[in-house]
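Structure at a glance
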Amino acid sequence: MITELGHFALILAFFVACFQSVVPLIGAHKRWAGWMAVAEPAATLQFVLTLGAFGALMWAFVTSDFSLELVVANSHSAKPLLYKITGVWGNHEGSMLLWVLIVTLFGAFAAWFGGNLPPTLKARVLSIQGLIGVAFFAFILFTSNPFLRMDVPPFDGRDLNPLLQDPGLAFHPPFLYLGYVGLSMTYSFALAALIEGRVDAAWGRWVRPYTLAAWIFLTIGIALGSWWAYYELGWGGFWFWDPVENASFMPWLIAAALLHSAIVVEKRESLKSWTILLAIIAFGFSMIGAFITRSGVLTSVHAFATDPERGVFLLMITGFFMMLGLTLFAARAGAMQAKGVFGLMSRETMLVANNVLLGVSAFVIFVGTIWPLISELMFDRKLSVGEPFFNMAFTPFMVVLGLILPVGAMLPWKRGNLGRVVKPLAGAFALAVAVGALAFAMQTERSALGPVGLFLAAWLVSGAAVDLWSRTGRGGGRLSRLTRLPRADWGKAVAHAGFGITIAGIAGMLAWEAEDIRVAQVGDSFDVSGLTITLDDVREVEGPNYLSTMADVTLSKGGSEISRLTPEKRIYPVAGMPTTEAAIDNGFLRDVYVVIGDEQAAGGWAVRTYYKPLANWIWGGAILMAIGGALSLSDRRYRVAAGARKTRAVGVPAE
Amino acid sequence: MKRLVLILCLLASPLWAVQPDEILDDPALEERAREISSGLRCLVCRNESIDDSNADLARDLRLLVRERLVAGDSDEEVVDFVVDRYGEYVLLNPVASGSNLVLWLAGPVMLILGGLLAAVYIRGRANSKPEGEAGLSAAEEARLREIMKD
């Protein structure tokens, strides 16, 4: 019964979305206040109905209702409750329902908190958001309905993919979707602005919180996924340049570019048409991400439900929204005149450089991701584009970005004097060079990666600190002024420092990792990077829905014990699949990563040990970036001054 | 769904990446073997190098690479040997020749284009007159009067 109600709510939500996408748009065109105002209750209703449908599906999972095909395929009665809940989105149909739920959530947000938007703009934004909803409701109902029943319900389900039964991966998809779908909001704002024919500072201010939110969620989502890969896949890789990873990374890069260019729109009323274009492209990349994950066009480790029919449908949705956006852009972008004037040496110029670097780096990843497809279709060459290519093609952009960032962040708007900016940064630069040189002197390898990475990290972190300090003015009381700086300033500094920390982590881990693979007898001790590893015991353990081979390992240094680790090797009998559960001793400067392998024919166990310098800095930096974004998002100007452009019932359309 | 299950079963081989018994006694040779195998793709996996992969085929390839190295091949000879048998598909780093030049040059060309566009835009902004000095439009004048009345 609950399932049918959920199914019905989903169909109703589809009709509400159809209504919402048409009526307010006409209302805004004809200036009929009633038709415009209907968008708000419609958005709320759409959200409530979708939430109901989602709740019904969750109920089916929690109560293990095996009359539902989806539950049978992805759940098992013995599965822990947490993974019954997260199993709702651990599959194609459920994850699309979560996706559309977030589409409606963002729409409802714009309806609830968009009180200071001009009514026409608000109606148009909600109507475009409704149109996006229509596309996805149709996609779910016609190709991937989660509410299909079984003719003969089985006694138990086939269990969720064991790799997904993990906290890191359980919450990775919702964050990613919040990010992807957050970009649908910026798309709606961009299209609404194009229809209105008007983009000004106020528009920049309205669209920036959504961009920021989307970017924060993408940051967290990507970091969670990479952290999961690190501890789960058994050898500590954290990024594979897999098509699906790239699919999440491209929107992140574009969102980062968008969020910087929206600042220029907000503060200087320049880069308007570029920002609109970026907003359209960002959503396009989100859609391409959905397409890549679910169509199976590109092979990837993320074997999601792949189905050509769904792929074609998603491609059509992507094509439709891109055509719509770009056509409107072509027709209307000319009307958007830049107002701000700025000199060559100015914050604006540096933000343009930021956009060029981020945009081109996303483009490089895009070309690399789809190249195997193009090459096979057009040149009949079946080939792979993997990690070595991306490392080589992508890294230079980030190095240049890191180099210019602290200078650009301190240059004043309009017209600046480079000398005046460089002077306070000289100390930071000297410190960074010293750190890089120290790293170079201490390492035994002859790779440039580690020293350059640490140099950039020190440069970014100290540059951010100098930037903050310089904002406190002169004379006494600078410390207390530091605490009263706008949150946006803090957010900027924290996020930029986080970028540096992540660079340090990646460089340190890639440059100075040590690895040990050996056969160890129970009781054996061996040394890795100055630490002693002892294999004390190996035993069989039974979990709720898996069997585990668990090793007891002691990690010690110079005779004193540091920690006890229990790496595991699990088998999930229902899914018939093994997983490794690495044991990691987390440290500030290094991780020790131990994996237990197979029992050897000649006795003993395969044991792998990795010494990973600065590993946690990768995710620490990502967390800092997200915190920086959140600080910026909480800046009071988004709450207090958000209504800077006073509402007018009748606007002046720019024809 | 069946396909997914099938794929998962294929993944479910009991082996893990580089095994202790594969490692060569000569550390220099082993280092080269690792270097080479991290650039070769495991053919039955999805975007993983044979160095990271757990599949049986990846193990066979790893052993093959080591065999060739022990036989005295240079790094290039080993890679060519594998490519001759399995095709260009095994290379994770695509060769920069023929149509692949498009891939390799896409980034630099786009950077130059983007840089040029940005330069033109910035020059245009730097040389234009501030619009504020051009005065207000009629509508803005009207709005200003309205505000001033309040």
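Residues numbered from 1 in each chain as written. Chains lettered and ligands numbered in written order. Predicted model: local features only at pLDDT ≥ 70, side-chain atom pairs only at ≥ 80, totals over all residues.

Going by an unreviewed UniProt entry, chain B carries the name Cytochrome c-type biogenesis protein and comes from Roseovarius atlanticus. The record in UniProt for chain B states the following under Sequence similarities (unreviewed entry): "Belongs to the CcmH/CycL/Ccl2/NrfF family." (UniProt positions renumbered as here; feature names shortened; annotations may be inferred.)

The name an unreviewed UniProt entry gives chain A is Cytochrome C biogenesis protein CcmF, with Roseovarius atlanticus as the organism. In the Function (unreviewed entry) part of its UniProt record, chain A is described as follows: "Required for the biogenesis of c-type cytochromes. Possible subunit of a heme lyase." In the Subcellular location (unreviewed entry) part of its UniProt record, chain A is described as follows: "Cell inner membrane".

Another point: the overall build of chain A. In terms of helices and strands, chain A carries 20 helices and 10 strands. For chain A, whose C-alpha radius of gyration is 26 Å, the value lies close to the compact-globule estimate of 26 Å for 655 residues. Projected onto its principal axes, the C-alpha coordinates of chain A cover approximately 85 × 75 × 55 Å. Among the 655 residues that make up chain A, the fraction classed as buried is 56%. Once local pairs closer than 6 in sequence are excluded, the contacts in chain A between residues at least 24 apart make up 75%. (Helix = DSSP H or I, 4+ residues; strand = E, 2+ residues; numbered from the N terminus. Rg over C-alpha atoms; globule rule 2.2 N^0.38 Å. Buried ≥ 20, exposed ≤ 12 C-beta atoms within 10 Å, placed from the backbone. Contact = placed C-beta atoms within 7 Å.)

Right, let's get into the confidence of the model for chain B. All names here are of chain B. Mean pLDDT over chain B works out to 78, with 83% of the residues at or above the 70 mark. Taken as a whole, residues 1-15 scores under 50 in pLDDT and shows 22 contacts with residues more than four places along the chain or in a different chain. Scored by ipTM, the complex comes to 0.82, with pTM at 0.89. (pLDDT = per-residue confidence, 0-100.)

Let us now look at the interface of chain B and chain A. Often, the extent of an interface is quoted as the loss of accessible area on bringing the components together. Contacts between chain B and chain A engage 44 residues on the former and 53 residues on the latter. Elements represented by at least two residues in the side of chain B that touches chain A include exactly α1 (2-11) and α5 (100-127) of chain B. The element contributing the most residues to the side of chain B that touches chain A is α5(B), with 12 residues. Residue classes in the side of chain B that touches chain A are distributed as 26 nonpolar, 10 polar and eight charged. (Nonpolar A, V, L, I, M, F, W, Y, C, P; charged D, E, K, R; others polar.)

Domain annotation for chain B reports domain 1 (8-90) and domain 2 (96-126). Between domain 1 of chain B and domain 2 of chain B, the C-alpha centre-to-centre distance is 37 Å. (Domains from an automatic or database assignment.)

Turning our attention to the domain arrangement of chain A. Residues and elements named next belong to chain A. With domains assigned, chain A is organised as domain 1 (2-241 + 269-288 + 303-343) and domain 2 (514-615). Put simply, the middle of domain 1 and the middle of domain 2, counted by C-alpha atoms, are 41 Å apart. Listed per partner, the contact involves 13 residues of domain 1 and 15 residues of domain 2. Here the residues of the side of domain 1 that touches domain 2 sort into five nonpolar, four polar and four charged.

Moving on, we come to the pairing of strand β4 (residues 547-557) of chain A. Where a strand is regular, its side chains alternate between the two sheet faces. Residue and element names in this part refer to chain A. Of the pairings in the sheet, the one linking strand β3 (residues 531-542) to β4 comprises 10 bridges and is antiparallel in character. Residue pairing in the sheet places Val 538 in a bridge with Ala 551 of β4. Note that β4 and strand β6 (residues 568-572) share four bridges and pair antiparallel. Among the inter-strand pairings, Met 550 is bridged to a residue of β6, identified as Glu 568. Where β4 meets strand β5 (residues 560-565), five bridges bridge the pair, whose relative direction is antiparallel. Across the sheet, the residue bridging to Thr 554 is Arg 564, located in β5. Linking two consecutive strands that pair antiparallel, namely β4 and β5, is a turn of two residues; a positive phi of about 55° is found at Gly 558 within it. (Pairing = 2+ DSSP bridges.)

All names here are of chain A. One open sheet holds the four strands; their spatial order is β1-β10-β9-β8, and the pairing between them is antiparallel. If you trace the sheet from one side to the other, it starts and ends with β1 (514-520) and β8 (583-586), each paired once. Neighbour to neighbour, the strand axes of the sheet diverge by 15° on average, direction disregarded. Here strand β9 (residues 590-599) pairs with strand β10 (residues 605-613) via eight bridges, running antiparallel. Residue pairing for β10: Val 592 is matched across the bridge by Tyr 611. (Axes fitted to C-alpha atoms, helices over the stretch in contact; angles between N-to-C directions.)

Here we come to the nonpolar core. Within the largest apolar cluster, 218 residues are counted, with the highest numbers of intra-cluster contacts made by A:Phe136, A:Phe189, A:Ile254, A:Ala255, A:Ala279, A:Ala282 and A:Val594. Tallying contributions element by element places helix α10 (residues 201-232) of chain A first for this core, with 20 residues. Taken domain by domain, this core gets at least three of its residues from each of domain 1 (2-241 + 269-288 + 303-343) and domain 2 (514-615) of chain A. A:Phe136 has contacts with A:Met96, A:Trp99, A:Val100 and A:Val103, leaving out every residue within four places of it along the chain. Counting 15 residues, the second-largest nonpolar core is a separate cluster that includes B:Leu40, B:Cys42, B:Val78 and B:Leu92. (Core = buried A, V, L, I, M, F, W, Y, C linked by C-beta atoms within 7 Å.)

Turning our eyes to something else, we now look at helix α17 (residues 449-470) of chain A. An α-helix turns once every 3.6 residues. As a result, residues three or four positions apart point the same way. Counted at 1.5 Å a residue, the expected span for α17(A) with its 22 residues is 32 Å, and the 31 Å between its end C-alpha atoms agrees. The buried fraction of α17(A) is high, at 16 of 22 residues. (Expected span 1.5 Å × (residues − 1).)

What follows deals with unusual backbone geometry. Residues and elements named next belong to chain A. Notably, Trp 241 is not glycine yet its phi reads approximately 55°, a positive angle. Within the secondary structure layout, Trp 241 lies in the loop between α10 and α11 (243-268). Using a count of 20 C-beta atoms within 10 Å as the deciding quantity, one classes Trp 241 as buried. If you check the backbone angles, Leu 271 has positive phi at about 55° while not being a glycine. Secondary-structure assignment places Leu 271 in the loop between α11 and α12 (272-295). According to the C-beta neighbour criterion, Leu 271 is buried, with 27 such atoms within 10 Å.

Looking now at the pairing of β10(A). All names here are of chain A. With eight of its nine residues buried, β10 lies for the most part within the structure. Pairing of β1 with β10, which is carried by seven bridges, proceeds in the antiparallel orientation. Paired with Ala 514 across the bridge in β10 is Tyr 611. Where β9 folds back on β10, the antiparallel hairpin that results is connected by five residues, among which Gly 603 adopts a positive phi of roughly 90°.

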